[in-house]
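Residue-level listing of the chains:
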Amino acid sequence: LGADHIEQAVLTLQREAVERLTAPHGCKQYSALGVLYSLFADVEILFDVPPTAFSPPPKVTSTCIRVTYAPPSERTQLPAVHRVSRAAFS
């Protein structure tokens, strides 16, 4: 979830991807990636970006998010959790 020296990132993703990152347990959009981010980062939805903000405009809405990563010392179990979550969602 980012290099050890990265504490925070501001990203623009397709809204559907953000929904998978932030979906609660039991929701249809809940995913392996969402599990990792819920354990090792905080994702804050900032605002939507309409297709008209891009040229050429895409057919989807984008969402700007701020990701605050857990300190490296709290991410030591990341590889193991990644393997388990991928297997669970396969």
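What you are looking at is a predicted structure, and each value in this text was computed from that prediction instead of being measured.

Chemist: Sorry, what's going on with the sheet that holds strand β2 (residues 41-49) here?
Modeler: The strands making up a sheet associate through backbone hydrogen bonding, with each pair oriented either parallel or antiparallel. Spatially, the three strands line up as an open sheet ordered β1-β3-β2, and their pairing is antiparallel. Sheet topology places β1 (8-14) and β2 at the edges, where each strand pairs with a single neighbour. For this sheet the average axis-to-axis angle between neighbouring strands, irrespective of direction, equals 25°. Helix α1 (residues 15-22) contacts β1, β2 and β3 (62-69) of the sheet and is inclined by roughly 125° relative to β1. Running over the sheet, helix α2 (residues 32-40) touches β2 and β3 and is turned about 115° from β2.

Chemist: Looking at this structure, I do not really get the pattern of salt bridges. What am I missing?
Modeler: Side-chain pairs of opposite charge can arise where the charged atoms are in close proximity. For the coordinates displayed, the defined rule picks out two salt bridges. Between R15 and D48 there is a salt bridge whose closest N-O contact spans 3.3 Å. One end of the pair, R15, is in helix α1; the other, D48, is in strand β2, and 33 residues separate them in sequence. Of the residues examined, R15 reaches a relative accessible area of 33% and is grouped as partly exposed. For D48, a relative accessible area of 40% puts it in the partly exposed group. Put simply, E44 and R66 hold a salt bridge, and the shortest N to O gap is 2.6 Å.

Chemist: Help me understand the packing of α2 against helix α3 (residues 78-88) in this model?
Modeler: The angle between the axes and the distance between the axes are what describe a pair of packed helices. Two numbers describe how α2 lies on α3: the axes approach to 9 Å, and their chain directions differ by 150°. Relative to α3, α2 is oriented roughly antiparallel. Here the hand of the crossing between α2 and α3 comes out right-handed. For the pair α2 and α3, contact is made by A32, V35, L36, L39 and F40 and by L78, V81, H82, S85 and R86, respectively. Here the residues of the contact of α2 with α3 sort into seven nonpolar, two polar and one charged.

Criteria and thresholds
Residues numbered from 1 in each chain as written. Predicted model: local features only at pLDDT ≥ 70, side-chain atom pairs only at ≥ 80, totals over all residues. Heavy atoms only, no water. Pairing = 2+ DSSP bridges. Helix = DSSP H or I, 4+ residues; strand = E, 2+ residues; numbered from the N terminus. Axes fitted to C-alpha atoms, helices over the stretch in contact; angles between N-to-C directions. Contact = heavy atoms within 4.5 Å. Salt bridge = Lys/Arg side-chain N within 4 Å of Asp/Glu carboxyl O. Buried < 20%, exposed > 50% of the residue type's maximum accessible area, 1.4 Å probe, protein only. Parallel < 35°, antiparallel > 145°, perpendicular 65-115°, else oblique. Left-handed = near helix turned anticlockwise from the far one by under 90°. Nonpolar A, V, L, I, M, F, W, Y, C, P; charged D, E, K, R; others polar.

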